[in-house]
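Tertiary structure, described
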Amino acid sequence: MDLIWWLFLVPVVVGVIVVIVQFHRVVPVSEQQRLKDAGCCHQCGYDLQGNESGVCPECGAVIRR
Ligand SMILES: [Zn+2]
């Protein structure tokens, strides 16, 4: 393959990897916030309404209020 092709391909591949990494990092945080706002466990989505222990009975995550 020509060198000029690699000079084009490498930044594109690196860019795609960076976008994927950013996407995976951002989406779970917004999903955790949505679950927390809905009164659910940020880890497993278990409904924590009425839970007073501060620990999710489903997965054992400490509940941040
Ligand atoms: Zn949980």
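Some remarks on the overall build of the protein chain
Within the protein chain one finds 1 helix and 0 strands. In terms of overall dimensions, the protein chain is more spread out than a globule: its C-alpha atoms have a radius of gyration of 20 Å, far above the 11 Å expected for 65 residues. A separation threshold of at least 6 residues defines the contact pool for the protein chain, and within that pool the share at least 24 residues apart is 0%.

Digging into the environment of Val21
Mapping Val21 onto the fold places it in helix 1 (residues 3-37). Residues Val21 and Cys59 lie 38 residues apart in sequence; the distance between their C-alpha atoms is 26 Å.

Focus: the environment of Gly60
Within the element layout of this structure, Gly60 appears in the segment after helix 1. The class of Gly60 is exposed, set by 10 C-beta atoms lying within 10 Å. Linking Gly60 and Gln43, residues 17 residues apart in sequence, is a C-alpha distance of 9.1 Å.

Thresholds applied
Residues numbered from 1 in each chain as written. Predicted model: local features only at pLDDT ≥ 70, side-chain atom pairs only at ≥ 80, totals over all residues. Helix = DSSP H or I, 4+ residues; strand = E, 2+ residues; numbered from the N terminus. Rg over C-alpha atoms; globule rule 2.2 N^0.38 Å. Contact = placed C-beta atoms within 7 Å. Buried ≥ 20, exposed ≤ 12 C-beta atoms within 10 Å, placed from the backbone.

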